[in-house]
Amino acid sequence: MNVPPFSLGEQLLELGEALDQAVLEVLRSGQYIGGAATADFEAAFAAACGVPHAVGCNSGTDALVLALRGLGIGPGDEVITTSFSFFATAEAISAVGATPVFVDVREGSYLIDLDQLEAAITPATRALLPVHLFGRPVDMERVCAIAERHGLRVIEDCAQATGARWAGRPVGSWGDAGCFSFFPTKNLGGAGDGGAVTCRDPELARRVRELAVHGMPRRYLHTSLGYNSRLDAIQAAVLAVKLPHLPRWLECRRDLALRYSQQLAGLPGLQLPDPGPEGHSWNQYVLRVTSAVGAAHSPRDQLKQQLQDAGVNTIIYYPIPIHRQPAYADLGYGPGSLPVTERLCGEVLSLPIFPELGEARQQRVIEVLHSLVPAAQPLAA
Ligand SMILES: *Cc1c(COP(=O)(O)O)cnc(C)c1O
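Residues numbered from 1 in each chain as written. Predicted model: local features only at pLDDT ≥ 70, side-chain atom pairs only at ≥ 80, totals over all residues. Heavy atoms only, no water.

A. Region of interest: the state of the cysteines. Enumeration over the complete set of coordinates arrives at zero disulfides. As a non-bridged cysteine, Cys179 has Cys158 as the owner of its nearest cysteine sulfur, 6.9 Å distant. (Disulfide = S-S within 2.5 Å.)

Encoded structure:
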């Protein structure tokens, strides 16, 4: 039995007719950019996120760029975020001319360390950009309280956390703006690229919408330098069909995560993810294969290879922290500057988790891990 890390076609099959029909309708309508399909999805998505406004765009990366620009963040400004994330989080900050400032993460949650955050604030700091990594929500009450104390904006990177909640309230509804990705492997994935910015402020929504269409408030009048970043009507139609199924898919993810945690508990050398308080959306199930001190090889890489040989395909999110990427060499974060992030990058391993995984395939992953981990143990000891 081969177990993939994700399997996008299966969701498509499950939705069958409804999806075919929605896509065909757009094709036949001749309205491929904007129009009712996009507006309807934006309204439905805003409602699902508990905010009055959602603006569709090209990608999660663009959502971050548009939110930063919409909030007036640019050259000379510092934005505090985490280095343990997908590269786009920092890339978007740099794309608007601002400087990403990285704070280390907590070992247990993998999330930005809020105890260290305030020390990173300088007179140039304009915004906090927490990442709800792997679908686990950051403590947004604390983030918002810190932002309020220092007069800072809050932009949530919700790319991996569509449907996640902090204190019962959806992510993307806490900060000034929430940035979502509809990349196919995210919790709500389209049939291609897509993204959205959520917000409460109608003025910000208007600015983001304008920036996404060449800074053009009305046809051929350009009041700012913007982008071509729209959510295609076909993607909006696909997402509108999928959105009502999201709560059920999140339930599947939670059940799968719970079963992994129960069945893998106590295996030596494996550290299972801390689920945190309620509201985790489990875009990824990321455990740690703890390194042997001074070991010549990585127990994580070895286990990954052994799993692959047994037909279980895993992914490493992320092997290199953002602050150690060649593209950010000029920021001057040397080795050891963010020790927890760096250690995690050498230890993390993501097991297959997607709503359609099912019991049989998950059981296979669990069995293979049970058969491998005792054997790998002398290396990890
Ligand atoms: C996927 C992702 C993004 C970027 O989203 P795209 O739609 O791929 O551009 C940004 N931040 C995080 C944390 C992500 O996982």
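B. Broad picture of helix 3 (residues 60-70). Of all eleven residues that make up helix 3, eight are buried, and the element is covered over most of its length. Among the residues making up helix 3, those that are buried are Gly60, Ala63, Leu64, Val65, Leu66, Ala67, Leu68 and Gly70. Capping the start of helix 3 is the job of one residue whose side-chain oxygen sits 3.4 Å from the backbone nitrogen of Thr61: Ser59. Backbone geometry just downstream of helix 3 places Gly72 in the positive-phi region, at approximately 80°. (Buried < 20%, exposed > 50% of the residue type's maximum accessible area, 1.4 Å probe, protein only. Helix = DSSP H or I, 4+ residues; strand = E, 2+ residues; numbered from the N terminus. Polar contact = N/O pair within 3.5 Å; in protein donor to acceptor, adjacent residues only side chain to side chain.)

C. Molecular detail of the packing of helix 3 against helix 7 (residues 202-212). Contact geometry of helix 3 with helix 7 gives a least axis separation of 9 Å together with a crossing angle of 125°. Here helix 3 lies oblique to helix 7, going by the angle between them. The handedness of the crossing between helix 3 and helix 7 comes out as right-handed. On helix 7, the residues touching Leu66, Ala67, Arg69 and Gly70 of helix 3 are Leu204, Arg207, Val208, Leu211 and Ala212. Taken together, the residues of the contact of helix 3 with helix 7 sort by class into six nonpolar, one polar and two charged. (Axes fitted to C-alpha atoms, helices over the stretch in contact; angles between N-to-C directions. Parallel < 35°, antiparallel > 145°, perpendicular 65-115°, else oblique. Left-handed = near helix turned anticlockwise from the far one by under 90°. Contact = heavy atoms within 4.5 Å. Nonpolar A, V, L, I, M, F, W, Y, C, P; charged D, E, K, R; others polar.)

D. Structural view of the sheet that holds strand 10 (residues 270-271). Taking strand neighbours across the sheet as the criterion, the three strands line up as 10-11-12 in an open arrangement whose pairing is antiparallel. Two strands lie at the open edges of the sheet, namely strand 10 and strand 12 (348-351), each paired on one side alone. Across two bridges, the pairing between strand 10 and strand 11 (residues 285-289) is antiparallel. Note on strand 11: the bridge partner recorded for Gln271 is Arg288. Packing against the sheet, helix 9 (residues 246-264) makes contact with strand 11 and strand 12, and its axis sits at approximately 25° to strand 11. (Pairing = 2+ DSSP bridges.)

E. The arrangement of the nonpolar core in detail. Counting residues in each nonpolar core, the largest one holds 64 residues, and the members touching the most others are Ile80, Phe84, Leu303 and Leu369. No other element matches the six residues that helix 12 (residues 358-380) contributes to this core. Residues lining this core come from more than one domain, with at least three contributed by each of domain 1 (9-244) and domain 2 (246-372). When residues no more than four places from it in sequence are discounted, the contact partners of Ile80 are Val101, Val103, Ile112, Leu117, Ala120, Ile121, Thr125, Ala127, Leu128 and Leu129. (Core = buried A, V, L, I, M, F, W, Y, C linked by side-chain atoms within 4.5 Å. Domains from an automatic or database assignment.)

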